[in-house]
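Structural overview for review
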Amino acid sequence: LARSTQKLLRASQDWNKDELLDVLHWSRQVLGVVLGVVWATLALDGFFAFVAYAIGSTACIIALYGGHLKLDADDFGGHNALVTEGFAPATALFVVTWTVVHTTFNVQQAA
């Protein structure tokens, strides 16, 4: 984990497929929690907020491997494999975080 984090921060070019997929998976999990807190703090809700999460999350992952790491997606199974890595569990984390924080800060308590 420490080695992968160092490679991520230094934008190292020597990635193997499993290592890259692990880093993308965990990056997306962290992103799901962070975006859940941000969306809830901004009081975003409904379908728009959910779609904005999906687009934002996907754009961040593409920026990570395509922009920061400058990797060719075809060398690691294509864009679909990289973009979908960790999407379902990250979405669950996003929804739970978004719901808890939104409810805590934006829903009036009944007296």
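Residues numbered from 1 in each chain as written. Predicted model: local features only at pLDDT ≥ 70, side-chain atom pairs only at ≥ 80, totals over all residues. Heavy atoms only, no water.

**Digging into unusual backbone geometry**
Glycine aside, the phi torsion of most residues is negative, and most peptide linkages are trans. To keep it simple, the criterion reads: Numbering of helices and strands runs from the N terminus; a helix is a DSSP stretch of H or I covering at least four residues, while a strand is a stretch of E covering at least two.
With phi around 60°, Ala43 is a residue other than glycine that occupies positive phi space. By the secondary structure assignment, Ala43 is in the loop between helix H2 (17-41) and helix H3 (46-68). Its identity is not glycine, yet Lys70 carries a phi of approximately 55°, on the positive side. Assignment of secondary structure puts Lys70 in the loop between H3 and helix H4 (78-84).

**Things to note about the nonpolar core**
Proteins that are soluble and globular tend to have nonpolar side chains buried together. Stated precisely, the cut-off is as follows: Side-chain atoms within 4.5 Å are what join buried Ala, Val, Leu, Ile, Met, Phe, Trp, Tyr and Cys residues into a set we call a nonpolar core. Exposed residues in this analysis have more than 50% of their type's maximum accessible area, buried residues have under 20%, and partly exposed residues fall in between, with area computed by a 1.4 Å probe over protein chains only.
The biggest cluster of nonpolar side chains holds 15 residues, and the ones touching the most others in it are Trp15, Leu20, Leu24, Tyr65 and Leu82. Secondary-structure elements contributing two or more residues to this core are H2, H3 and H4. Top element by residues in this core is H2. It accounts for four residues. Formed by eleven residues, the second largest nonpolar core is a distinct cluster that contains Leu31, Ala52, Tyr53 and Phe94.

**Some details on the side chain of His102**
Structurally, the position occupied by His102 is in helix H5 (residues 87-106). Here His102 falls in the buried class, since its relative accessible area comes to 17%.

**Points about H3**
To be explicit about the condition: Each residue after the first adds 1.5 Å to the expected span of a helix. The contact definition used throughout considers only heavy atoms, calling two residues in contact when any of these lie within 4.5 Å.
With 23 residues, H3 extends 32 Å from end C-alpha to end C-alpha; this agrees with the ideal 33 Å at 1.5 Å per step. Turning to H3, its buried residues number three or more, namely Ala49, Ala52, Tyr53, Ser57, Ile61, Leu64 and Tyr65. At its buried positions, H3 is contacted by helix H1 (2-10), H2, H4 and H5. Following H3 by one or two positions, Lys70 adopts a phi angle in the positive range, close to 55°.

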